[in-house]
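A look at the structure
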Amino acid sequence: MVRILKNCIADSLHLFFPHYCEGCGVDLLDRSAIVCYSCQQSLPTTDFFMRKNNPVEKSFYGRLALQEAGAAYYFTKDSLLQHLLVELKYKSNTAAGYFLGRMMGYHLISATNYANIDAIIPLPLHKKKQKMRGYNQAEIICQGIQSIWNKPIITDAIIRTSFSETQTLQNRINRWQNMNGIFALKNAAIINKKHLLLVDDVTTTGATLEACGSVLLSAPGVKLSIATVAYTS
């Protein structure tokens, strides 16, 4: 009887408050989903987490001493992936970030070369920007990863010390210049001798990840890997 009542309530809610796929707009029965299975399968996956010398890893050659680096998807304009990233970053749709993190978690848990990661580090936002946005999108992605891949998330080891405007419209040289000295260790002791996975949404020039990663590597005995949702050249 209780189950029947719950089903009736769920059906009524669905009737008056339909739940649509972020990709194709089909009516989703599962309210915990944000895209349908077909759209999920259409996301342009890479095999970077399984491949040494992949494009993400190569982009950091001579810049950071990384153990591993990769991205789950290829970024393309006007795509479902871009839509989900915009929803996460600019429209307070944290469910989109959690979903993308879960998808990354499935990739990472299958990649044996990432098995010895000790902890996940979301790329930090400056406290002013985080207050404006209400959350750190990289931390939401990490929470999604953790739901699949049981690794601790560390958010208080490193901080962003200066506020900067979005890097999206900056050219490559300006991005590197803007990153100079903007991260600092807050609590090195909690990451000493750990293999860390630094996580962000998109790898473009890698300037921000490089700046943050170099500071993390200054802690004693730290090893570093990088993972992002998407890669764009």
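Check the entry above for the structure.
As a starting point, this report considers the structure included with it. These figures come from a predicted structure and were not determined experimentally.

Further remarks concern the sheet that holds strand β6 (residues 223-231). Taken in spatial order, the four strands line up as β1-β6-β5-β2 in an open sheet, and their pairing is parallel. Pairing within the sheet leaves two strands with one partner each, and these edge strands are β1 (66-74) and β2 (119-122). Neighbour-to-neighbour, the strand axes of this sheet turn through a mean angle of 25°, independent of strand direction. Bridge count for β2 against strand β5 (residues 195-203) is four bridges, and the pairing is parallel. Residue pairing across strands places Pro122 opposite Val199, the latter belonging to β5. Here helix α9 (residues 207-216) sits on the sheet and contacts β2, β5 and β6; the angle it forms with β5, its principal contact strand, is near 170°.

Looking now at the packing of helix α5 (residues 94-109) against helix α7 (residues 137-148). Relative orientation of the contacting elements α5 and α7 amounts to 45°, with a least axis distance of 6 Å. Relative to α7, the element α5 is oriented oblique. The two elements α5 and α7 cross, and the hand of that crossing is right-handed. Of the residues in α7, those in contact with Thr94, Gly97, Tyr98, Gly101, Arg102, Met104, Gly105, Tyr106, Leu108 and Ile109 of α5 are Ile140, Ile141, Gln143, Gly144, Ile145, Ser147 and Ile148. Of the residues contributing to the contact of α5 with α7, the split by class is nine nonpolar, seven polar and one charged.

Turning to the state of the cysteines, a few remarks are in order. In total, this model carries zero disulfides according to the counting rule given. Not part of a disulfide, Cys36 finds its nearest cysteine sulfur in Cys39, a span of 3.6 Å.

This part is about the pairing of β1. Of all nine residues making up β1, seven are buried, and the element is well covered by its neighbours. In terms of strand pairing, β1 meets β6 through six bridges, oriented parallel. Along β6, the bridge assignment pairs Ala69 with Ile226.

The next point concerns helix α4 (residues 80-90). Within α4, the full set of buried residues consists of Leu80, Leu81, Leu84, Leu85, Glu87 and Leu88. The arc that holds the buried residues of α4, viewed along the axis, is 160°, so those residues lie on one side. Buried residues along α4 sit in contact with α2 (37-42), β1, α5, α7, β5 and β6.

The subject of this paragraph is the packing of aromatic side chains. Enumeration according to the criterion identifies three aromatic pairs in this entry. A ring pair is formed by Phe48 and Tyr74, whose centres lie 5.5 Å apart and whose planes are at 80°; its orientation type is edge-to-face. Of the two residues, Phe48 is situated in the loop between α2 and α3 (55-59) and Tyr74 in strand β1; the sequence distance between them amounts to 26 residues. Taking 5.9 Å as the distance between ring centres and 70° as the angle between the ring planes, the aromatic pair formed by Phe48 and Tyr231 counts as edge-to-face. Within this pair, whereas Phe48 is found in the loop between α2 and α3, its partner Tyr231 is found in strand β6, the two being separated by 183 residues in sequence. Neither Phe48 nor Tyr231 differs from the other in exposure class; each is buried. Among the aromatic residues, those joined into a ring-pair cluster are Phe48, Tyr74 and Tyr231.

One pass over the structure, following the stated rule, counts six salt bridges. Here Asp47 makes a salt bridge to Arg51, at a shortest N to O gap of 3.1 Å. On the accessibility criterion, Asp47 (39% relative accessible area) is partly exposed. On the basis of relative accessible area, Arg51 is assigned to the partly exposed category, the value being 32%. The salt bridge partner of Glu87 is Lys91, with a shortest N-O separation of 3.8 Å. Here Glu87 falls in the buried class, since its relative accessible area comes to 12%. Look at the salt bridges and you will find they share partners, linking Lys52, Glu57 and Glu68 into a network.

Calculation rules
- Residues numbered from 1 in each chain as written.
- Predicted model: local features only at pLDDT ≥ 70, side-chain atom pairs only at ≥ 80, totals over all residues.
- Heavy atoms only, no water.
- Pairing = 2+ DSSP bridges.
- Helix = DSSP H or I, 4+ residues; strand = E, 2+ residues; numbered from the N terminus.
- Axes fitted to C-alpha atoms, helices over the stretch in contact; angles between N-to-C directions.
- Contact = heavy atoms within 4.5 Å.
- Parallel < 35°, antiparallel > 145°, perpendicular 65-115°, else oblique.
- Left-handed = near helix turned anticlockwise from the far one by under 90°.
- Nonpolar A, V, L, I, M, F, W, Y, C, P; charged D, E, K, R; others polar.
- Disulfide = S-S within 2.5 Å.
- Buried < 20%, exposed > 50% of the residue type's maximum accessible area, 1.4 Å probe, protein only.
- Arc of directions from axis to C-beta.
- Phe/Tyr/Trp six-rings, centres within 6.5 Å; stacked < 30°, edge-to-face > 60°.
- Salt bridge = Lys/Arg side-chain N within 4 Å of Asp/Glu carboxyl O.

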